Amino acid sequence: MSLGGGWYLGLAAVVFSIGALGLLVRRNVLVMFMCVELMLNAANLTFVTFARMLNDIGGQALVFFTLVVAAAEVVVGLGIVVAIFRRRRTSTADDLHIMRG
Amino acid sequence: MTALAALGLPVLGTATTVDALTFAIAAVIILSGAIGVVVSRNPVHAALMLVMTLFGVAVLFVEQQANFLAAVQVIVYAGAIVVLFLFVIMFLGVDRQENMAEEPLRLQRPLAVGLVALGLAGLLFLGIGAHWSLGTKSVAGAAQGQNGGDVAALGRSVFTTYLFAFEATSALLIIAVVGAVVLARRTPTVPGEPAGVEADADATGDGEPTPIGSDQQDVTP
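Scope of this entry: the structure provided in the associated data block.

Calculation notes
- Residues numbered from 1 in each chain as written.
- Chains lettered and ligands numbered in written order.
- Predicted model: local features only at pLDDT ≥ 70, side-chain atom pairs only at ≥ 80, totals over all residues.
- Contact = placed C-beta atoms within 7 Å.
- Helix = DSSP H or I, 4+ residues; strand = E, 2+ residues; numbered from the N terminus.
- Nonpolar A, V, L, I, M, F, W, Y, C, P; charged D, E, K, R; others polar.
- Core = buried A, V, L, I, M, F, W, Y, C linked by C-beta atoms within 7 Å.
- Buried ≥ 20, exposed ≤ 12 C-beta atoms within 10 Å, placed from the backbone.
- Domains from an automatic or database assignment.
- Axes fitted to C-alpha atoms, helices over the stretch in contact; angles between N-to-C directions.
- Parallel < 35°, antiparallel > 145°, perpendicular 65-115°, else oblique.
- Expected span 1.5 Å × (residues − 1).
- Bend = angle between axes of the 7 residues up to and from the residue.

## A short note on the interface of chain A and chain B
Now for step 1: Opposite the 71 residues of chain A that make contact, chain B presents 84 residues.
Now for step 2: Of all the elements in the fold, those that place two or more residues in the side of chain A that touches chain B are α1 (5-25), α2 (29-53) and α3 (58-88) of chain A.
Now for step 3: In terms of residues, the side of chain A that touches chain B owes the most to one element, α3 of chain A, which gives 24 residues.
Now for step 4: Broken down by class, the residue content of the side of chain A that touches chain B amounts to 44 nonpolar, 18 polar and nine charged.

Okay, structure coming up:
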């Protein structure tokens, strides 16, 4: 028998917050992506915890789909990073201000 | 306090010491990895710290009887996604130290910390104080006690209840692959013609890639 679900939910909330903080603070686009992955993982942990608490496999199925979407997101995102780097030779978010008014 | 009880916050209710110890170790691994991702100056170190976090989450998946997802987590996340990250980092050659002391936007960091602390407080307050509708009837089938364990239960659920979503993800993956190829490929230059996409990166026309900032001088109004 595992620990109570509240522990897992609390841990997931903390990890999500750390990811959000990193996304706000860091300026390297790749590290920002990694922080998004942290947030996605915290959400996955929440889903699995609720799947166990409610005894419902739907939570785990949702994590399965989240994994697929995260993989697709990373592939497209890194493709965009590579394309931007080709043109502007930078991977810092602050330098990408072509669209600034 | 009933909400607390429903969330299982009374420590070690039916859990054994091993479970508590596993959770504690995994939590330490996850948190140190997550903090490492945020504070690492070098993107390569951040990616390795991310692997640490992902393994910790996989441990917690096993702890919660989600064995299939733990395996997928290790294979897809740690095996594929982080390798893709590292590949792009090495490929672009951005694996150099970032100057963290430099702060281009004033008040950005204190503001970010304040906002995130507020959000975390809200999450924890809601998580502990809210009345979760626990005990609702399962729509997709039970997670525990099915024939074949969680793997069979998940497979049955994905291929019956969520079949349409499953097929949609296959389309999504194909679209992502095509999109990545389109984004990352260079237009092959036909001999005798000016370069296609390369012309964008080569605004000076001297055959060298345009250096940073050469075509984006800030014009102060």
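Back to the write-up after that little detour.
## Some thoughts on unusual backbone geometry
Now for step 1: Even without being a glycine, Asn55 of chain A presents a positive backbone phi close to 50°.
Now for step 2: Within the secondary structure layout, Asn55 of chain A lies in the loop between α2 and α3.
Now for step 3: In this structure, Gln65 of chain B takes a positive phi of about 60° despite not being glycine.
Now for step 4: Mapped onto the fold, Gln65 of chain B is located in the loop between α3 (43-63) and α4 (67-92).

## Let's talk about the nonpolar core
Now for step 1: One finds Ala12, Val15, Leu30 and Met34 of chain A together with Val37 of chain B to be the most contacted residues of the largest nonpolar core, which totals 72 residues.
Now for step 2: Of all elements in the fold, only α1, α2 and α3 of chain A together with α2 (17-39), α3, α4, α6 (149-159) and α7 (163-184) of chain B reach the threshold of two or more residues within this core.
Now for step 3: Both domains that meet at this core, namely domain 1 (12-97) and domain 2 (162-204) of chain B, each give it at least three residues.
Now for step 4: Apart from the residues lying within four places of it in its own chain, the contact partners of Leu30 of chain A are Val81 and Ser91 of chain A together with Pro43, Phe85, Val88, Ile89 and Val94 of chain B.

## Structural notes on the environment of Leu38 of chain A
Now for step 1: Checked against the element boundaries, Leu38 of chain A lands in helix α2.
Now for step 2: Note: C-alpha distance between Leu38 of chain A and His97 of chain A (59 residues apart in sequence) is 26 Å.
Now for step 3: Sequence-distant contacts of Leu38 of chain A, defined by excluding residues within four places in its chain, comprise Val15, Ile18, Gly19 and Gly22 of chain A together with Ala34, Val37 and Thr53 of chain B.

## Section: the packing of α3 of chain A against α6 of chain B
Now for step 1: α6 of chain B packs onto α3 of chain A with a crossing angle of 75° between their chain directions and a minimal axis gap of 9 Å. In terms of their interaxial angle, α3 of chain A and α6 of chain B are classed as roughly perpendicular. The segment α3 of chain A lies against α6 of chain B, with Gly58, Gln60, Ala61 and Phe64 of chain A engaging Asp150, Leu154, Ser157 and Val158 of chain B.
Now for step 2: Split by residue class, the contact of α3 of chain A with α6 of chain B holds four nonpolar, three polar and one charged.

## Comments concerning α2 of chain A
Now for step 1: For α2 of chain A, spanning 25 residues, the distance from its first C-alpha to its last is 36 Å, which sits close to the expected 36 Å at 1.5 Å a residue.
Now for step 2: Phi turns positive one or two residues past the end of α2 of chain A, at Asn55 of chain A, with a value near 50°.

## Describing the packing of α3 of chain B against α4 of chain B
All names here are of chain B.
Now for step 1: Interaxial distance between α3 and α4 falls to 9 Å at its minimum, and their mutual angle equals 175°. With respect to α4, the axis of α3 lies roughly antiparallel. Facing α3, whose interface residues are Pro43, Val44, Ala47, Leu50, Val51, Leu54, Phe55, Val57, Ala58, Phe61 and Val62, α4 presents Asn67, Leu69, Ala70, Gln73, Val74, Tyr77, Ala78, Val82, Phe85, Leu86 and Ile89.
Now for step 2: Here the residues of the contact of α3 with α4 sort into 20 nonpolar, two polar and no charged.

## Describing α4 of chain B
Now for step 1: Given a rise of 1.5 Å per residue, 26 residues ought to cover 38 Å, and the 36 Å separating the end C-alpha atoms of α4 of chain B matches this to within 8%.
Now for step 2: Largest kink in α4 of chain B: about 25°, centred on Tyr77 of chain B.
Now for step 3: Each element contacted by the buried residues of α4 of chain B is listed here: α2 and α3 of chain A together with α3 of chain B.
Now for step 4: Just downstream of α4 of chain B, Gly93 of chain B is the residue with a positive phi angle, here 65°.

## As for the environment of Ala46 of chain B
Now for step 1: Inspection of the secondary structure assignment puts Ala46 of chain B in helix α3.
Now for step 2: Judged by local crowding, Ala46 of chain B falls into the buried class, with 26 C-beta atoms found within 10 Å.
Now for step 3: Through-space distance from the C-alpha of Ala46 of chain B to that of Leu86 of chain B is 9.8 Å; in sequence the pair is 40 residues apart.
Now for step 4: Here Ala46 of chain B is in contact with Val31 and Met34 of chain A together with Val37 and Ser40 of chain B, once residues within four sequence places are set aside.

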